[in-house]
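# Analysis of the macromolecular model
Spelled out from the first residue to the last, the chains are:
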Amino acid sequence: KYNMIHTLIGNLGHLFVTCAFVASLFATIAFYIGLKKDSWIRFGSRLFFLHAFSVFGIVISLFLIINRHYFEYHYAWSHTSKYLPIYYQISSFWNGQEGSFLLWMFWNAIIGIVLMVTNKFWKAPVMVFVSLTQAFLTSMILGSVIFELKIGSSPFILLRDVIQDTIFQINPDFVPPDGNGLNPLLQNYWMVIHPPTLFLGFATTVVPFAFCLGGLITGNLKAWIRPALPWAQFSALVLGVGILMGAYWAYETL
């Protein structure tokens, strides 16, 4: 029963990733059609909400694997251990590449919801490119093989599928008693607050980008600047704060 729960959470994570990818792709198509047919905008909004829900599901699934020490999963074994306090377990969430992409997707999903709620005129043209960006980011953690081409790397892959060791030939169900833990240089309170700040800055850059391209495809070559400017300023502010945090962290560590 215990192992079944472990497997269930990983399978749910895979399902959420697939759902997030498919929903973002179809949301992109729906919003694009919505440029000419308003009825499709509502459909696109529902698909993006489904995508956001799936992203939140991925976040919860991966954190449960980390927090409950399911070391049969490669991500948990690589980046955490039983002796890490909760705040370092949180920071180990984005320690790996897959977790970093997931953190980026998480902020983008929230920003997309804010844009849909606050923009009526620009909703379809902007959300076309926000949804497309999310589809690209989600593909980075898809971990699927299509026609012998592997797309992305899944955070829910099992350790035995990554590491070729004789122990897994003897006992395929072997689970390490502990993980590798977090690099000592990263066991710092800045690791908890610096990456989320920096990735929020990364995520907000999608907004002026989406407004700009939305203006191009709708022919509003100047009107997009006014709604995009506050987002660009906010993005510069957050990224600036993130860079200062990183600089002080490096100075403090060294």
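Preceding this section is the structure that the text describes.
Thresholds, definitions, all that
Residues numbered from 1 in each chain as written. Predicted model: local features only at pLDDT ≥ 70, side-chain atom pairs only at ≥ 80, totals over all residues. Heavy atoms only, no water. Helix = DSSP H or I, 4+ residues; strand = E, 2+ residues; numbered from the N terminus. Rg over C-alpha atoms; globule rule 2.2 N^0.38 Å. Buried < 20%, exposed > 50% of the residue type's maximum accessible area, 1.4 Å probe, protein only. Contact = heavy atoms within 4.5 Å. Areas by Shrake-Rupley, 256 points an atom, 1.4 Å probe, with all protein chains shown as cover. Lys, Arg positive; Asp, Glu negative; His and termini not counted. Charge placed at Lys NZ, Arg CZ, Asp CG, Glu CD. Salt bridge = Lys/Arg side-chain N within 4 Å of Asp/Glu carboxyl O. Core = buried A, V, L, I, M, F, W, Y, C linked by side-chain atoms within 4.5 Å. Phe/Tyr/Trp six-rings, centres within 6.5 Å; stacked < 30°, edge-to-face > 60°.

The next thing to look at is the overall build of the protein. The number of helices and strands found in the protein is 10 helices and two strands. The order of α-helices and β-strands along the protein, N terminus first, is α-α-α-α-α-α-β-β-α-α-α-α. Rg of the C-alpha trace for the protein: 20 Å, near the compact-globule value of 18 Å for 254 residues, within the 12% margin. For the protein, the spread of C-alpha atoms along the three principal axes comes to 65 × 45 × 30 Å. Considering the protein as a whole, with its 254 residues, one finds that 46% of them fall into the buried category. For the protein, restricting intrachain contacts to residue pairs at least 6 apart in sequence, the fraction spanning at least 24 positions comes to 75%. Taken as a whole, the protein presents about 13,500 Å² of accessible surface, with 69% of it coming from carbon and sulfur. A gap of 23 Å separates the mean positions of the 13 positive and 9 negative side-chain charges of the protein.

This part covers the pattern of salt bridges. Scanning the entire structure with this criterion turns up one salt bridge. Residue D173 is joined to R160 by a salt bridge in which the shortest nitrogen-to-oxygen separation is 3.5 Å. Of this pair, D173 sits in the loop between α7 (166-170) and α8 (189-204) while R160 sits in the loop between β2 (149-151) and α7, placing them 13 residues apart in sequence. On the accessibility criterion, D173 (58% relative accessible area) is exposed. R160 sits in the partly exposed class, given a relative accessible area of 35%.

The next thing to look at is the nonpolar core. Counting residues in hydrophobic clusters, the biggest one holds 33 residues, and the most contacted among them are I58, L62, I65, L102, M105 and I141. When contributions to this core are tallied by element, the ones reaching two or more residues are α1 (2-33), α2 (39-67), α3 (74-79), α5 (97-118), α8 and α10 (225-253). When sequence neighbours within four positions are dropped, the list of residues in contact with L102 reads V55, I58, V59, L62, F93 and I141.

It is worth spelling out the packing of aromatic side chains at this point. Tallied over the full model, the rule gives 15 aromatic pairs. Note on W122 and F211: the rings are 5.6 Å apart at their centroids and 70 degrees apart in plane angle, and the pair reads as edge-to-face. Taken together, the residues span a long stretch of sequence, with W122 in the loop between α5 and α6 (123-139) and F211 in helix α9 (residues 206-218) at a distance of 89 residues. Relative to F174, the ring of F168 has its centre 6.0 Å away and its plane inclined at 65 degrees; by these criteria the two rings are edge-to-face. Its relative accessible area of 12% is what places F168 among the buried residues. A connected cluster of aromatic rings, assembled from ring pairs, spans F56, F106 and W107.

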